[in-house]
Structure formats: structure tokens, C-alpha cells
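Notes for the structure review
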Amino acid sequence: MSNTKKIRQGEEGERCSPAAEETPESPDALLSTLDAPADVAEKQERLVLFDFFEDPLVTEEDDTNPDENFQNNFKQTATAMKQHKHFEEGMVLRNITDDGFYAYLNIACFKRDGQQSLKDAVKDVMTTYKEAYKIAFDKSQKHNTGSFIQLASTATPEMAKEPLRPLNQTTAYLVAGYKLLPEADFELMDSTWSLWSGARIIYRQMPKSMELRRMSFHKNISIKEQEKHSFNYVLICECSEVLSENVLTPALRYVDSLKDRKCGDMGLYSMLQLY
């Protein structure tokens, strides 16, 4: 079990009592502060690729298990991606909410080359993934992809060094994607992310039983590479006890309540495959 300290949370339906004093190291302070977007971009040491798959890959066999079929196909893509010299880690998640629009989510992390500009790094990652994707999937498989940087996180410095992969077998991820109009003020959206995204509500009201470990907010910077329907921002919350007995059902109800608040395109995801 990790020795990093837990995020301060409230019981279900209740707000936390405000801390007497918030320090720059406290999670609450991290939620309310954010560097200038340009500074954040240049400081990033890694790029994170998110690819949301709208539905299971269609096959001719009606009795094919969708998860097994998807995994078998994605293994080819994963093998190709791991050949990239800056590849760090990857995982495929499965949506466990009943009405989830996106069935699977691929997350891959790439270390930035200090000699390479951010623009070139993004182009390199997107090109690599597009070629790897073509190995196993065709145009019938609709998906929503982009290369992102992390704008903010509640992780302590020690926790930030840990891999994204789950802490244990009961870990699940609450993920929300956000699409903005082209005329949106992105600089303003960057600096007020915890308010409009619903992150502050999630942070303060998530049931304690779900055990929120860390929350991170990401911005799509592959604008010229992305399709018009791609997400501009992604929020991901790692919760270490969602799949525990007596926790999953209340967790799913909680996610449904967030959907009623229109906090992005939201789903609860479990681990399907590491690579």
C-alpha cells in the first residue's frame, strides 16, 4: 500500500469542513491554483494520449466476447506503440456504467524529449499512434483521440512520480471528457477548470468509501491533429476502492448523479489491459 497521504474527502452528500489554513502543498490549494497555460505546457515532462472508443469493435461472430475481441485486436496496436523510444506506460480501461457512450479508453504516456519542441513531440506521438491503430482497427471503429498535457493535479510530489496504473485490483477511474466551442476563451477555461468542470464538486462530495487517491486535469494540445469531435479537456480521478464489495453499486449511483449535473461526458472505468 502506498505511504502517500490520502486526499481529504467528505462523506457522501456532505461537504468537507474547510481547512483552517490552506498551504500550497494541500490538495485544496492545488485545486484552486494553476500556472499560466504557456508555462504549464513548457514544463511538461510527458504527453498523455487519450483515445475513447465509442463502441466495441463489430465482428461477424455474434457470440464473440466484446472485451476479449477488443483486447486481442488492441494487443497489436500496443506492441507497435511500445516500440516508440519515448513510450513509458499504457493501459486500456473498460466502461462499467450501464449507459456509457464510450466502451473503452486507451491511455498511453510518452516522455518528452528535451531536444524536441512541444509541437514536434505532439506530432510524433499522434503519427505513431495513428500508424499503430491502423494495424488492428479499421474506419468502422469510431474513436475520439488526442494528445494532452496535465494542467493540474491533486497528487503530492511523491505520488506524481508513481505510474498511472492501478494501485490494486479494486481501483477504478472516474473519467470525464469536455468539448468546447471553437470561440471559447481557452485561457480562461484553463485557469477556472476546477469550477466549470465539476472537479471541485467531485473532490468535496465523492463518497469516502470510493477512496479518491488523485485527480488530474488534462488539456488537448493536438488541435491540428485531432478530429472535430475530440475532447478539449479530460478529468481523471483514480479511486482505489470502487470495485470493493458494497462500494460499486453506490459508486455507480454517484456517477449517475454527476451526469445529472452535466459534468462532462462521464463514465466509471475499470482496468482491462496493461501494456
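Scope of this entry: the structure provided in the associated data block.

Criteria and thresholds
Residues numbered from 1 in each chain as written. Predicted model: local features only at pLDDT ≥ 70, side-chain atom pairs only at ≥ 80, totals over all residues. Heavy atoms only, no water. 1 Å grid on protein atoms, 1.4 Å probe; cavity = no way out; pocket = protein on both sides within 12 Å on 5 of 7 lines; lining within 4 Å. Points joined across faces, edges and corners; volume = space filled by probe spheres on them. Helix = DSSP H or I, 4+ residues; strand = E, 2+ residues; numbered from the N terminus. Axes fitted to C-alpha atoms, helices over the stretch in contact; angles between N-to-C directions. Parallel < 35°, antiparallel > 145°, perpendicular 65-115°, else oblique. Left-handed = near helix turned anticlockwise from the far one by under 90°. Contact = heavy atoms within 4.5 Å. Nonpolar A, V, L, I, M, F, W, Y, C, P; charged D, E, K, R; others polar. Expected span 1.5 Å × (residues − 1). Buried < 20%, exposed > 50% of the residue type's maximum accessible area, 1.4 Å probe, protein only. Pairing = 2+ DSSP bridges. Phe/Tyr/Trp six-rings, centres within 6.5 Å; stacked < 30°, edge-to-face > 60°. Core = buried A, V, L, I, M, F, W, Y, C linked by side-chain atoms within 4.5 Å.

What the rule picks out here adds up to three cavities of 30 Å³ or more. Taken as a whole, the largest cavity encloses approximately 60 Å³ of empty space. Lining the largest cavity, in full, are L47, H84, H86, F110, K111, R112, D113, Q116, A121, D124 and V125. Elements represented by at least two residues in the lining of the largest cavity include exactly β3 (104-111) and α4 (118-136).

A separate point is the packing of helix α3 (residues 66-81) against α4. At a closest axis distance of 8 Å, the pairing of α3 and α4 adopts a crossing angle of 150°. Relative to α4, the element α3 lies roughly antiparallel. Once α3 is placed against α4, the crossing between them reads as right-handed. In this structure, α3 uses N73, F74, Q76, T77, A80 and M81 to contact α4, whose residues at the interface are Y129, A132, Y133, I135 and A136. Residue composition of the contact of α3 with α4, by class: eight nonpolar, three polar and no charged.

Because an α-helix completes one turn every 3.6 residues, residues spaced three or four positions apart along the sequence face the same direction. Across its 13 residues, helix α9 (residues 248-260) extends 19 Å between first and last C-alpha, which sits within 8% of the 18 Å expected from 1.5 Å per residue. Along α9, the residues classified as buried are P250, A251, Y254, V255, L258 and K259. Residues of α9 that are buried make contact with β5 (172-178), α8 (199-205) and β8 (265-274). Trailing α9 by a residue or two, K262 shows a phi angle of about 60°, which is positive.

Our next topic: the sheet that holds strand β4 (residues 143-153). What the eight strands build is a closed barrel, ordered β1-β3-β2-β8-β5-β7-β6-β4; its pairing is antiparallel. Direction aside, the axes of adjacent strands within the sheet are offset by 35° on average. Sheet topology places strand β1 (residues 46-53) next to β4; six bridges connect them, and they run antiparallel. By the bridge assignment, F53 is partnered in β4 with H143. Sheet strands touched by α4: β1, β3 and β4. Its angle to β1, the strand with the most contacts, is close to 35°.

Turning to the pairing of strand β7 (residues 233-239), a few remarks are in order. Each regular strand shows side chains that alternate between the opposite faces of the sheet. Across the seven residues that make up β7, a large majority, seven, are buried. Where β5 lies against β7, seven bridges are found, and the strand directions are antiparallel. Note that in β7 the partner of Y178 across the bridge is Y233. In terms of strand pairing, strand β6 (residues 212-220) meets β7 through seven bridges, oriented antiparallel. Looking at the pairing, H218 lines up with V234 of β7.

Scanning all chains against the criterion turns up 25 aromatic pairs. Through successive ring pairs, a cluster of aromatic residues spans F53, F70, F74, F87, Y104, F110, Y129, Y133, F137 and Y275.

Before going further, it helps to examine the nonpolar core. Within the largest apolar cluster, 57 residues are counted, with the highest numbers of intra-cluster contacts made by F74, L174, I202 and L235. Broken down by element, the residue count for this core peaks at nine residues, all from α4. Aside from chain neighbours lying at most four places away, what touches I202 is L174, M215, L235, C237, Y254, L258 and M266. In terms of nonpolar packing, the next biggest core, distinct from the first, is built from 16 residues, M91, L105, F148 and F231 among them.

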